[in-house]
Amino acid sequence: MLSCKHTIAQGTDYLDKELSFWRKVEMKMHLMICVNCRRYVKQLKQTVVMLSKGQFKQPSEQQVEQLKKEYQEVSSKQ
Amino acid sequence: MTEKALPPEDELVERLKNNDVVLFERVVKEYHSAMFGVAYSIAGPAIADEVVQEAWVSAINAIHKFEGRSALKSWLIRITANEAKTRLRKESRSVSLEAVDENWATDTRFTEKGHWAGGNPEWDISSPDDLLAADELQDCVKKHMVKLPDNQQQIINLRDVGGLDMDTICNILEITASNARVLLHRARDKMQQVVARFQRTGEC
Ligand SMILES: [Zn+2]
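- Looking at an unreviewed UniProt entry, chain B carries the name RNA polymerase sigma factor, with the source organism given as Kangiella taiwanensis.
- What the UniProt record of chain B gives under Sequence similarities (unreviewed entry) is the line "Belongs to the sigma-70 factor family. ECF subfamily."

- Per an unreviewed UniProt entry, chain A goes by the name Putative zinc-finger domain-containing protein and belongs to Kangiella taiwanensis.

Shown next as structure tokens:
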């Protein structure tokens, strides 16, 4: 039986569907009986989704204005 | 989070090619954060802003050639990563797996036999939307993202924040797929722990 520590170490490969068939079976069997690891996999996924949608840094007004100007200049030439 | 979703990809690109400055501004605001994360992790904090600005300028000049073989966001992220790479390279770009595994033996979450030492509690804030709406938590995530080792920071920014596929990432960072997978997991695991600790203790 896979230990919890080894199970969560495969968390990323499991989510990204990179595990071989038997590894996946082994992992699924562990997840079936272990609520802690099941939660971990769910939390890892939530973390990934959060990172993909997170807004950690907004551009300054000045940056936006500068880029809009650049965009309009280039667009008008094409 | 965005108030309004951007139009579908085809329409989006078409309108950007046709001088739609209102839409352009929305695109800048939507993707700037992810581009900044990538620039920061590869080129460092001092020139990250500059790199993103230059990446946008390159994108503006190349948008009419964009054929939509990848998503617009992936295209912008790739431009940013390449721009960042041509600039300052952090002194050590070598991928050390020893450093990656140093915590394996001393991971206090687990007993010697590899069982959870104190269990793994359910999160109070658990949907991605609720996680994103918790400002203090987001500040905490941000703070810890930049504390990750360089190579982990680069991978998690390119993959999870930037949405690139692993092949592209391996090319950009010049590392093997297996190293990339290990590093990505270390980074995600660390961020899971940051969120878990915040939920448990209310502290960052
Ligand atoms: Zn377990």
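Some thoughts on the overall build of chain B
In step 1: In terms of regular secondary structure, chain B is built from ten helices and zero strands.
In step 2: Counting from the amino terminus, helix and strand elements in chain B follow one another as α-α-α-α-α-α-α-α-α-α.
In step 3: Overall, chain B is about 60 × 35 × 30 Å in size when its C-alpha atoms are taken along their principal axes.
In step 4: Expressed as a percentage of its 204 residues, the buried residues of chain B come to 51%.
In step 5: In chain B, 65% of the contacts between residues at least 6 apart in sequence involve partners at least 24 apart.
In step 6: Accessible surface for chain B amounts to roughly 10000 Å². Of this, 49% is attributable to carbon and sulfur atoms.
In step 7: Here chain B carries 26 positive and 33 negative side-chain charges, and the mean point of each set is 3 Å from the other.

Section: the domain arrangement of chain B
Residues and elements named next belong to chain B.
In step 1: Segmenting chain B into domains produces domain 1 (9-85) and domain 2 (97-201).
In step 2: Summarising the inter-unit geometry, the C-alpha centres of domain 1 and domain 2 are found 25 Å apart.
In step 3: Of the roughly 1000 Å² buried at the junction of domain 1 and domain 2 (both faces included), carbon and sulfur atoms supply 65%.
In step 4: When the buried surface of domain 1 facing domain 2 is broken down by residue, Tyr40, Ser41 and Lys85 rank first, second and third, together holding 38% of it.

Structural notes on the UniProt feature "domain: RNA polymerase sigma factor 70 region 4 type" (unreviewed entry) in chain B
In step 1: Cross-referencing UniProt, the feature "domain: RNA polymerase sigma factor 70 region 4 type" (unreviewed entry) maps to residues 145-191 of chain B in the present numbering.
In step 2: The annotated region residues 145-191 of chain B carries 77% helix and 0% strand content, and the separation between its end C-alpha atoms amounts to 7 Å.

Re the coordination of the zinc ion
Residues and elements named next belong to chain A.
In step 1: Every protein donor of the zinc ion is accounted for by Cys4 (SG), His30 (NE2), Cys34 (SG) and Cys37 (SG), and the metal-donor separations fall at 2.0 to 2.3 Å.
In step 2: Here the donor residues of the zinc ion share one chain and are spaced in sequence as C-x25-H-x3-C-x2-C. In this pair, cysteine 4 sits in helix H1 (residues 4-9) while histidine 30 sits in helix H3 (residues 21-33), placing the two residues 26 residues apart along the sequence. Neither residue differs from the other here; cysteine 4 and histidine 30 are each classed as buried.

Side note on the packing of aromatic side chains
In step 1: Within this structure, the stated rule accounts for seven aromatic pairs over all chains.
In step 2: With a centroid separation of 5.9 Å and 50° between ring planes, the pair formed by B:Phe36 and B:Tyr40 is classed as tilted. Of this pair, B:Phe36 and B:Tyr40 are both found in helix H2 (residues 21-43), four residues apart, which corresponds to roughly one turn of the helix.
In step 3: For B:Phe36, a relative accessible area of 13% gives the class buried.
In step 4: Here the aromatic rings of B:Phe66 and B:Trp75 are separated by 4.7 Å at their centres, their planes lie at 50°, and the arrangement is tilted. Comparing B:Phe66 with B:Trp75, the two get one shared label, buried.
In step 5: The structure contains a cluster of three or more aromatic residues connected by ring pairs, namely A:Tyr40, B:Phe110 and B:Trp116.
In step 6: Taking the ring centre of B:Phe36 as reference, the NZ or CZ of A:Lys57 above it sits at 4.7 Å.

Points about helix H3 (residues 48-62) of chain B
In step 1: In this model, H3(B) (15 residues) spans 21 Å end to end at C-alpha, consistent with the 21 Å of a helix rising 1.5 Å per residue.
In step 2: Three or more residues of H3(B) are buried, namely B:Ala48, B:Val51, B:Val52, B:Gln53, B:Ala55, B:Trp56, B:Ala59, B:Ile60 and B:Ala62.

Cut-offs used in this document
Residues numbered from 1 in each chain as written. Chains lettered and ligands numbered in written order. Predicted model: local features only at pLDDT ≥ 70, side-chain atom pairs only at ≥ 80, totals over all residues. Heavy atoms only, no water. UniProt positions renumbered as here; feature names shortened; annotations may be inferred. Helix = DSSP H or I, 4+ residues; strand = E, 2+ residues; numbered from the N terminus. Buried < 20%, exposed > 50% of the residue type's maximum accessible area, 1.4 Å probe, protein only. Contact = heavy atoms within 4.5 Å. Areas by Shrake-Rupley, 256 points an atom, 1.4 Å probe, with all protein chains shown as cover. Lys, Arg positive; Asp, Glu negative; His and termini not counted. Charge placed at Lys NZ, Arg CZ, Asp CG, Glu CD. Domains from an automatic or database assignment. Buried area = accessible area lost by both parts, 1.4 Å probe. Donors = N, O, S within 2.8 Å, 3.2 Å for Na, K, Ca; no water. Phe/Tyr/Trp six-rings, centres within 6.5 Å; stacked < 30°, edge-to-face > 60°. Lys NZ or Arg CZ within 6 Å of the ring centre and 35° of its normal. Expected span 1.5 Å × (residues − 1).

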